[in-house]
Each structure stands twice: as C-alpha cells, then as structure tokens.
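Listed below, chain by chain, are the residues.
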Protein chains: 4
Amino acid sequence: MSSAPLQRDPSARASRRDQRLAEIFAHAAAVFCEKGYAGASMRDLSRASGKSLAGLYYYFGSKERLLFLIQKHTLLTVVERLRLRLEGVSDPQQRIRVFILNHLEYFLANQNGMKVLSHEADALKNELAKELAAIRREYYHLAVGLLDDLKHERGLRVSTRIAALSLFGMMNWIYTWHNPKVDSDAASIAADMADIFLQGVAGTRNRTNSGSGAENRG
Amino acid sequence: MSSAPLQRDPSARASRRDQRLAEIFAHAAAVFCEKGYAGASMRDLSRASGKSLAGLYYYFGSKERLLFLIQKHTLLTVVERLRLRLEGVSDPQQRIRVFILNHLEYFLANQNGMKVLSHEADALKNELAKELAAIRREYYHLAVGLLDDLKHERGLRVSTRIAALSLFGMMNWIYTWHNPKVDSDAASIAADMADIFLQGVAGTRNRTNSGSGAENRG
Amino acid sequence: MSSAPLQRDPSARASRRDQRLAEIFAHAAAVFCEKGYAGASMRDLSRASGKSLAGLYYYFGSKERLLFLIQKHTLLTVVERLRLRLEGVSDPQQRIRVFILNHLEYFLANQNGMKVLSHEADALKNELAKELAAIRREYYHLAVGLLDDLKHERGLRVSTRIAALSLFGMMNWIYTWHNPKVDSDAASIAADMADIFLQGVAGTRNRTNSGSGAENRG
Amino acid sequence: MSSAPLQRDPSARASRRDQRLAEIFAHAAAVFCEKGYAGASMRDLSRASGKSLAGLYYYFGSKERLLFLIQKHTLLTVVERLRLRLEGVSDPQQRIRVFILNHLEYFLANQNGMKVLSHEADALKNELAKELAAIRREYYHLAVGLLDDLKHERGLRVSTRIAALSLFGMMNWIYTWHNPKVDSDAASIAADMADIFLQGVAGTRNRTNSGSGAENRG
DNA sequence: AATGAATGAGGGTTCATTCAT
DNA sequence: CATGAATGAACCCTCATTCAT
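Residues numbered from 1 in each chain as written. Chains lettered and ligands numbered in written order. Predicted model: local features only at pLDDT ≥ 70, side-chain atom pairs only at ≥ 80, totals over all residues. Heavy atoms only, no water.

## Observations regarding the interface of chain B and chain A
And then number 1: Taken residue by residue, the interface counts 45 residues in chain B and 45 residues in chain A.
And then number 2: Interface area, chain B with chain A, both sides summed: about 4000 Å², of which 54% is carbon and sulfur.
And then number 3: Counting the contacts that link chain B with chain A gives two salt bridges.
And then number 4: The partner of D183(A) in a salt bridge is R161(B), and the shortest N-O contact between them spans 2.6 Å.
And then number 5: Our count for the chain B to chain A interface comes out at five residue pairs in polar contact (both at pLDDT 80 or more). (Contact = heavy atoms within 4.5 Å. Buried area = accessible area lost by both parts, 1.4 Å probe. Salt bridge = Lys/Arg side-chain N within 4 Å of Asp/Glu carboxyl O. Polar contact = N/O pair within 3.5 Å; in protein donor to acceptor, adjacent residues only side chain to side chain.)

## Remarks on the protein's contact with DNA strand E
And then number 1: Around DNA strand E, the surrounding shell holds 33 residues, and the nearest of these are Y57(A), Y59(B), Y59(C), M42(D) and Y57(D).
And then number 2: Expressed as a percentage, the sugar and phosphate content of the atoms of DNA strand E within 4 Å of the protein is 57%.
And then number 3: Taking Y59(C), its side chain carries an N or O atom lying 2.6 Å from a phosphate oxygen of DNA strand E.
And then number 4: In this structure, M42(D) approaches DNA strand E through a main-chain N or O atom, which is 2.7 Å from a phosphate oxygen.
And then number 5: Sorting the residues of the surface near DNA strand E by element identifies helix 2 (42-49) and helix 3 (53-60) of chain A, helix 1 (12-35) and helix 3 (53-60) of chain B, helix 3 (53-60) of chain C together with helix 2 (42-49) and helix 3 (53-60) of chain D as the ones contributing at least two each.
And then number 6: Class assignment of the residues belonging to the surface near DNA strand E gives a composition of 16 nonpolar, eight polar and nine charged. (Near = heavy atom within 4 Å. Helix = DSSP H or I, 4+ residues; strand = E, 2+ residues; numbered from the N terminus. Nonpolar A, V, L, I, M, F, W, Y, C, P; charged D, E, K, R; others polar.)

## Comments concerning the nonpolar core
And then number 1: By size, the foremost hydrophobic cluster in this structure holds 148 residues, and its most contacted members are F99(A), I100(A), F99(B) and I100(B).
And then number 2: The residues contacting F99(B), other than those within four sequence positions of it, are L82(B), Y139(B), A143(B), L146(B), L167(B), F168(B) and M171(B).
And then number 3: Judged by nonpolar contacts, the second largest core, of 146 residues, contains L117(C), I135(C), A190(C) and L142(D). (Core = buried A, V, L, I, M, F, W, Y, C linked by side-chain atoms within 4.5 Å. Buried < 20%, exposed > 50% of the residue type's maximum accessible area, 1.4 Å probe, protein only.)

## A few points about the environment of R157(D)
All names here are of chain D.
And then number 1: Structurally, R157 is set in the loop between helix 7 (126-154) and helix 8 (160-172).
And then number 2: Overall, the relative accessible area of 2% leaves R157 in the buried class.
And then number 3: Distance in space between the C-alpha atoms of R157 and P92 is 15 Å, their sequence separation being 65 residues.
And then number 4: A polar side-chain atom of R157 sits 3.1 Å from the main-chain carbonyl oxygen of G203.

## A few points about helix 4 (residues 63-86) of chain B
And then number 1: A rise of 1.5 Å per residue sets the reference length of helix 4 of chain B, with its 24 residues, at 34 Å; its end C-alpha atoms lie 35 Å apart and thus fit the reference within 8%.
And then number 2: A positive backbone phi angle near 85° is found at G88(B), which sits one or two residues after helix 4 of chain B. (Expected span 1.5 Å × (residues − 1).)

## Quick look at the relation of the copies chain B and chain A
And then number 1: For these two chains of identical sequence, chain B goes onto chain A by a turn of 180° and a shift of 0.1 Å along the axis, with RMSD 0.1 Å. Here the transformation between the copies is reduced to the relation of a two-fold axis. Among all residues of chain B, the minimum C-alpha distance to the rotation axis is found for G200(B), at 1.8 Å.
And then number 2: A high fraction, 98%, of the interface residues of chain B reappear at the interface in chain A, so the copies pair face to face through one surface. (Least-squares fit on C-alpha atoms with pLDDT ≥ 70 in both.)

## Overview of the confidence of the model for chain A
Residues and elements named next belong to chain A.
And then number 1: Confidence along chain A averages 89 in pLDDT terms, with 86% of residues attaining 70 or more.
And then number 2: Predicted confidence is poor over residues 1-10, with pLDDT under 50, and the contacts of this stretch with residues over four places away or in other chains come to 19 contacts.
And then number 3: Overall, residues 205-218 carries pLDDT values under 50, and its contacts beyond four positions in sequence, including any with other chains, amount to 35 contacts. (pLDDT = per-residue confidence, 0-100.)

## A short note on the relation of the copies chain C and chain D
And then number 1: The operation relating chain C to chain D is a screw motion whose rotation component is 180°, with 0.1 Å of axial translation and a residual RMSD of 0.1 Å.
And then number 2: The share of interface residues of chain C whose copies in chain D are also at the interface is 98%, consistent with both copies meeting through the same surface.

## Topic: the packing of aromatic side chains
And then number 1: Counted according to the given criterion, the structure contains 34 aromatic pairs over all chains.
And then number 2: With 5.8 Å between their ring centres and 35° between their planes, F25(A) and F60(A) make a pair best called tilted. With a gap of 35 residues between them, F25(A) in helix 1 (residues 12-35) and F60(A) in helix 3 connect regions that are remote in the sequence. Summarising the burial analysis for this pair, F25(A) and F60(A) share the class buried.
And then number 3: Seen in terms of ring centroids, Y139(C) and F168(C) are 5.8 Å apart; in terms of plane orientation they differ by 65°. Their pairing is edge-to-face. Residue Y139(C) is located in helix 7 (residues 126-154), and its partner F168(C) is located in helix 8 (residues 160-172); the two are separated by 29 residues in the primary sequence. An identical accessibility class is assigned to Y139(C) and F168(C); each is buried.
And then number 4: Grouping aromatic residues by their ring pairs yields a cluster made of F25(A), Y58(A), Y59(A) and F60(A).
And then number 5: Geometry around Y37(B) places K63(B) over its ring, the cationic atom sitting 4.6 Å from the centre. (Phe/Tyr/Trp six-rings, centres within 6.5 Å; stacked < 30°, edge-to-face > 60°. Lys NZ or Arg CZ within 6 Å of the ring centre and 35° of its normal.)

## Brief notes about the protein's contact with DNA strand F
And then number 1: Neighbouring residues of DNA strand F: 33 residues in total, closest Y59(A), Y57(B), M42(C), Y57(C) and Y59(D).
And then number 2: The sugar-phosphate backbone supplies 60% of the atoms of DNA strand F found within 4 Å of the protein.
And then number 3: In the model, a phosphate oxygen of DNA strand F is placed 2.9 Å from a nitrogen or oxygen of the M42(B) main chain.
And then number 4: Put simply, the parts of the chain that give the surface near DNA strand F at least two residues each are helix 3 of chain A, helix 2 (42-49) and helix 3 of chain B, helix 2 (42-49) and helix 3 of chain C together with helix 1 (12-35) and helix 3 of chain D.
And then number 5: Counted by class, the surface near DNA strand F contains 16 nonpolar, eight polar and nine charged residues.

This is the structure in structure tokens:
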C-alpha cells in the first residue's frame with residue numbers, strides 16, 4: 001500500500017525502519033522547504049539525507065510520492081494530536097483554543113513539514129492528490145465542526161466557511177513570518193490568535209458599518 | 001501606428017510597448033500561478049504568451065526578472081490604489097476597512113498576480129529579492145501604521161506585529177480557497193474579514209481565558 | 001569586393017570611414033584575443049566597439065568576415081612594412097634579421113591583431129579561408145626566399161621548410177609568454193631570436209650526433 | 001568481464017573504467033582539435049564518442065573539466081616519459097636532445113592531445129586553470145633546468161628564459177604545419193630542431209651584428 | 001546610414017528515473 | 001537490501017543573424 005511506511009507496526013523491526021524513514025522525511029522536508037517541491041531535485045534530497053539516489057527510489061518510488069508521504073505523515077500527526085487533546089474539553093471556545101494551539105505548536109515544532117504541507121498544497125497530482133485531499137478535508141471539517149458548535153452556542157458573526165478559512169489563513173501564514181528571535185512561543189501566539197479570532201467571530205457585536213449584512217453565506 | 005510621423009503623445013510608443021508587456025505579464029502570471037515559479041518553464045511562458053522563447057529574453061532578460069517584474073508591478077499597483085483610496089478617510093477603523101477591501105478586491109480582480117506575489121515570495125534572489133523586499137516592507141509598514149492609529153484610539157488586544165501578520169495571513173490565504181461559484185464578492189468577504197479582525201483586535205474585551213496575558217507586546 | 005574596407009582610398013571621406021572601421025577592428029581584435037573567435041559573441045563585439053549589433057552586420061556582413069578583415073589587414077600590414085624595410089638591405093643574414101625584427105616589432109605593437117592572426121588560423125572557412133591562405137602563403141614564401149638566399153651563401157643545416165617553420169614557431173609563440181614587465185623590447189628579443197636562428201641554421205657546424213644526417217630535404 | 005565474481009586484479013575494474021575514459025578522451029581531443037574548445041559542443045563530443053550527452057556529464061562533470069582532464073593527462077604523460085628517458089643521460093646537450101625528441105615524438109604520436117594542450121592553454125578558468133598551470137610550470141622548469149646545465153657547461157648566447165620559450169615555440173608550433181605526407185618522422189625533425197637550437201644558443205659565437213649586446217638578461 | 005526588435009537553432013547543464021548487479 | 005552507472009527529455013539561456021524602419 002502506498003501508506004505502508006506510515007503505518008505503525010508494533011514490531012521493533014518495522015519501527016526501526018520507520019525511524020530511518022522518518023529521518024529521511026525530516027531531511028527531505030527541509031529541502032522541500034528551502035527550495036520548494038519543484039525546485040528541489042532528487043539529488044538535493046539524496047545529498048541532504050545521505051542516501052543514494054537510487055535508494056530514494058527504492059524506498060519511496062518517486063519524488064512525488066516522497067512529498068505525499070511527508071505531507072500525509074505531517075497531516076495525520078496533527079489530526080491525531082488534535083483528537084487526543086480535544087478529549088475531555090467540552091466548552092466550544094475552549095475547544096477552538098485547543099485547536100489553534102495544537103496547530104501552531106506543531107507548526108513551530110515541525111516547521112518544515114508544516115510549511116511543505118501549506119506551501120505545496122497543489123504539487124501532488126491524480127491519485128496522491130486525491131488521497132491527501134481526503135485527509136485535508138477531514139481536518140478542515142474537524143475545524144468546521146468546532147466552529148459549528150460555537151455557532152450554536154453564541155452565534156457567528158460570519159459564515160462558518162469564511163470563519164474557518166480566515167482562521168486557517170491566519171495560522172498557516174505563520175511560516176512566512178515567524179522568527180524565533182523576535183516572536184513569542186507557540187502558546188503565546190496561539191492565545192493571541194485565538195483572542196482575535198474568537199472575539200472577532202463570536203464577540204459582542206459592535207459593527208460600525210457593513211457592506212454585507214448577510215450572515216451564513218457559506 | 002508607430003510609423004505615424006506626427007505623434008501627439010510622446011509616450012504613445014512606450015505606452016504601447018508597456019501594453020504589450022502587460023499582456024505578457026498576464027499570461028506569465030497565469031502560468032506561474034498554475035505551475036509555480038520553479039515548475040513553470042520559459043517554454044511554457046513562451047507558449048502561453050504567444051511570444052518566441054528568445055523574445056521573452058529580449059524583453060525580460062531572465063525568468064527571474066520576469067517574476068520580479070510581475071511581482072513589482074502587482075505590488076506597486078496595490079500600494080498605489082490603497083494610497084488613493086485612503087485619501088479623505090480619517091477614521092482608523094474605516095481606514096483599515098479600506099485597506100482590507102483594497103487588498104481583497106485587487107486580489108480577486110488580479111488573482112494570478114496576487115497569488116504569485118503571495119506564493120512566490122521567496123523565489124527571487126540577491127538584488128531582485130532586495131528590491132522587492134523593500135516594496136513589501138513599505139506595504140507592510142503602511143498596514144502597521146493603520147494599526148497603530150487604531151491602537152492609539154482604542155487599544156489593541158495583541159501586539160501590532162501579530163495583528164498585522166494575522167490580518168495578512170487571513171487575506172493572502174484567500175488564493176488557496178476562493179471559489180467564485182461558491183464565495184461572495186470581494187466587498188462581502190472584505191467586510192467579513194474586517195469585522196472579524198476589528199472586533200478581534202479592538203473590540204470589547206471579554207476574554208475568558210488566556211495563556212498569555214501580556215498585551216501590546218509589539 | 002570583400003576587401004573594400006581595406007583599400008586605401010585617396011578621398012578623405014573613405015579615409016575617415018577607414019579610420020572608423022580601424023577602431024572597430026581594434027576593439028574586435030581585443031575581444032577575439034581575449035575570448036577566442038568562437039568564444040566571442042557578436043554582442044561582445046558590439047559592446048566593446050560601442051556599435052550596435054545590427055551596425056556590425058551593416059559594416060562587416062558576418063562575424064566570420066569581421067575576423068577575416070582583421071586578419072587580412074594585419075597580415076597585409078606586416079607584409080607591406082617588411083617590403084619597405086627590406087629595400088636597400090642586401091646581405092642575406094641581415095635581411096633575415098630585418099624579417100625577424102619586423103615580425104616581432106609588429107607583433108608587440110599590435111599584439112591583439114597578431115595573436116588573432118596566429119591563434120585563429122583555422123577559424124575561417126571556404127572562400128574567406130582561401131583568400132587569407134593566399135596572403136599567408138605569400139608571406140611564408142617571402143620568408144622562404146630569404147632563407148634560400150642564405151642557403152646559397154652559407155648553406156643551411158636543415159631543410160628550408162623546417163628552418164622557416166621553426167622560425168615562425170619561435171616568433172609566433174611569443175603571444176603565449178610575452179610579458180612587458182619582464183621581457184625586453186622587441187628589438188632585443190628579435191636580436192636574440194635572430195642570433196639563435198642564424199647561428200642555428202647557418203653557423204659553424206659542430207654537431208655532436210645526429211639521428212638524421214640528411215640535409216636539404218625541404 | 002565485469003561480472004566475474006573472482007577478480008584477481010583488484011584494480012581491474014578501475015583499469016577498465018580508465019580505459020573507457022581514455023577512449024572518450026581520444027574522441028574528445030579529436031573534436032576539440034578540429035573545432036577548438038569553444039567551438040566544440042558537448043553534443044559534438046557525445047556524437048564522436050558514442051556516449052550519451054548526460055553520460056559525459058556523469059563522467060566528467062563539465063565541458064571544462066573534460067578539457068582539463070585531457071590536458072592534464074597529456075601533460076603528465078609527457079613529463080613522465082621525459083623523466084624516464086632522461087635517466088642515465090648526463091651530457092647536457094644530449095639531455096636537451098632527449099627533451100626535444102620526447103616532446104616531438106609524443107606530439108606526433110598524440111597530435112590531438114598535444115594540440116589541445118598547446119592551443120587551448122587559456123581556455124580553463126579558476127581552479128582548474130591553476131592546477132594545470134602548476135603542472136605546466138613544472139614541465140617548463142624541467143626544461144629550464146636542462147638549459148641551465150648547458151649554460152654552466154658551455155654558456156648561453158641568450159637568456160635562459162628566451163632560449164626556453166623559443167624552443168617551446170619552435171616545437172609547439174608543429175601542430176600548425178606538420179604534414180605526415182611531406183614531413184619526416186619525429187626523430188628527424190627533433191634532430192633538426194635540436195641542431196638549430198643547440199648550435200643557436202650554445203654554438204661557436206660569430207655574431208656579426210647585434211642590436212642588443214646584452215646577454216643573459218633572463 | 002544605422003538600429004531596435006525579433007527569432008530559430010543550438011549552447012551547456014540538470015532532471016527524474018531506470019536497471020543490472 | 002541498496003546502489004553505481006547511465007540516459008532521454010527538458011531545463012534556462014545565448015547564439016548569429018535578419019528585417020522593417
């Protein structure tokens with residue numbers, strides 16, 4: 001299966017194998033991150049990971065599939081962590097704060113993978129694209145679910161769609177500007193963004209003017 | 001015609017030339033948009049624009065310089081339009097609404113150029129990168145100025161930096177999701193985002209909890 | 001005619017034209033000298049000479065013809081100067097000294113042209129090659145004539161052909177090593193080479209061993 | 001065969017590889033020889049050698065490096081052969097005869113390589129140029145050493161520098177004129193040139209006139 | 001008399017990929 | 001299990017040259 005390298009096999013052997021692959025992922029993500037998917041060559045990846053060129057093909061089949069595996073691994077990890085963190089949190093606002101914190105924490109902890117996930121969203125084609133899009137959709141709908149909960153509790157100033165996509169934009173854009181020497185840690189940024197977002201979409205209304213009064217267009 | 005012996009407008013010639021170049025820009029931006037800068041070949045651009053390959057080099061010198069010119073032209077246009085629109089608007093919140101509307105309107109009107117500006121922010125190197133970064137900085141500081149005005153009037157829930165970058169993220173991310181068949185027009189989306197943002201950063205405070213209490217760190 | 005630009009026209013107008021062309025020759029020779037004929041582009045020549053690219057074609061027709069004209073001009077000048085200098089000199093050894101001095105003096109005075117003449121001897125093709133070869137042959141036979149005179153007077157240690165070609169090699173190689181900061185002037189080098197050559201081919205015989213006893217094979 | 005499981009000679013593999021490379025060298029030298037370094041395209045070399053274009057890059061890295069390897073190989077071979085031949089020869093004049101013979105024999109035996117070495121002396125740049133220049137210098141100083149020995153024994157009519165460079169010119173120029181149908185073999189030409197040179201620089205003095213009396217300026 | 005505009009052909013080089021071992 | 005060797009296709013770019021003006 002195309003997802004084989006990512007399946008958690010309980011045996012130590014496969015685990016060691018996974019570990020080796022994870023190292024290659026890390027190197028590859030760094031290269032994709034720096035040069036972009038199209039701009040990175042398999043030789044770049046080979047050099048960075050210390051594996052032979054043919055070895056990469058032996059393990060991953062193609063450059064595209066390597067990107068796919070990185071993106072899938074990254075995305076599944078975020079989703080998995082989010083699921084765990086959401087357990088036991090029931091307040092809608094709080095759940096959204098958890099969502100934002102989880103996203104940004106992992107973004108800053110695994111900046112390369114997350115940037116590749118954000119920046120190379122259109123690089124995959126055909127089957128691989130479809131498979132990844134399915135997981136993306138899953139994550140997206142998870143977020144939408146959180147927003148809907150909030151909407152039921154407090155109403156939403158804008159459509160769920162606009163709210164969700166604005167939030168993703170706010171968060172994902174971080175790879176273009178985050179500078180560890182200047183910016184606070186993930187928790188702090190997450191709190192700020194959560195404040196902006198929650199207050200923005202669900203706070204007391206005091207809109208001073210509006211070109212479009214309609215809500216819930218999404 | 002360029003052979004007309006009596007040209008009234010001395011800039012007519014350059015203007016026509018500029019127009020021809022602008023057409024190539026449009027085609028090139030579309031290709032960069034679809035395939036990415038690195039993934040687009042000069043042959044792709046040649047085919048799309050109907051110009052010969054060598055002709056592109058005659059006009060633009062290099063693939064990188066073509067990207068640069070597209071980005072510069074796009075960015076200068078947004079800045080220029082913003083400056084015009086801000087004239088006569090003095091209310092800080094209103095000025096920010098104008099800023100958001102201007103950005104999104106131009107984004108949706110010239111989606112290719114703006115996506116290239118957003119997505120290929122790191123593609124340029126050396127001198128060209130520096131020159132563009134200078135204009136980017138100008139635009140960024142223009143936004144920061146608007147936020148500082150707001151801050152003086154009403155306070156800001158977060159640092160100006162986080163506020164500004166969150167706003168840019170919210171807006172720029174639009175190229176990843178906007179679908180004219182589903183989404184409203186620019187004015188409506190701009191109003192929504194402005195609502196979220198203004199209410200979020202400067203609205204009535206009712207923060208329920210906060211991991212980072214510090215405000216105004218920017 | 002292909003040689004038109006080099007014909008000495010008594011009219012001032014053509015003379016001025018010749019002068020302009022001579023300037024271009026000088027620039028072009030410098031470029032050919034530095035980059036080689038094949039390695040120099042017409043754009044290089046255009047830049048160096050300050051003429052437009054199309055202007056070079058207007059004046060010279062092709063890159064090859066420009067090389068041809070430079071070589072022809074250079075070669076004709078050496079021959080012409082040699083003829084003048086040989087007038088009134090009758091001693092065979094002295095005539096050879098004049099030949100060597102003339103060659104080296106012009107070589108160091110017009111190093112670019114002479115290097116191009118030496119180094120790019122095979123660059124021309126077809127008609128232009130033939131026309132230049134004819135002048136080269138003329139110069140070569142002029143040298144051979146001088147050697148034959150010497151041979152009649154004092155005998156020659158080797159064939160005229162080997163003698164002549166060795167002498168040309170000795171002289172033409174100078175472009176690979178002459179360094180004005182280290183080496184003497186043309187007169188001094190010419191005297192040295194003449195000493196070596198004359199003593200070598202026509203001096204007292206005291207050959208200690210010989211793999212080839214046959215003389216006068218040329 | 002390369003599939004033999006039991007290779008006796010551990011260097012057999014590298015040796016076969018070297019042999020394959022040497023064949024490519026030969027073809028490439030022939031092409032460089034005919035068209036010049038700048039005038040020869042990698043596609044020309046690919047065609048001539050029967051290797052794929054990409055294969056040439058796999059082996060040699062660049063056109064320049066291919067030239068470098070040819071020149072280095074050729075030059076090292078001449079030097080090596082010379083060292084062997086000089087063993088056991090002690091008479092200064094005889095040693096110079098050996099030097100000339102060695103140079104010309106190898107020149108005519110490997111005309112392509114030696115012409116490329118002579119004619120493309122300035123084609124390399126930067127590091128490769130430096131590395132080759134070092135070997136060239138070694139060979140040059142080897143010649144200078146021979147001349148100095150002669151000078152100590154019999155004196156020299158001219159500076160060592162001029163003597164050495166004149167001799168190199170005489171010899172290297174051979175690629176411009178040698179015609180196997182007309183000219184004698186290497187031994188005969190070498191003897192002639194040795195006669196000219198030795199008699200010229202160290203023979204009985206009977207200089208009849210001199211523009212520059214100074215000797216031993218080098 | 002002189003040139004800006006334009007291009008087809010080809011330059012050196014790198015690409016993702018395969019395959020025999 | 002892993003890789004050195006090899007390549008067809010494509011890369012960005014420059015070439016010598018033409019032609020309308």
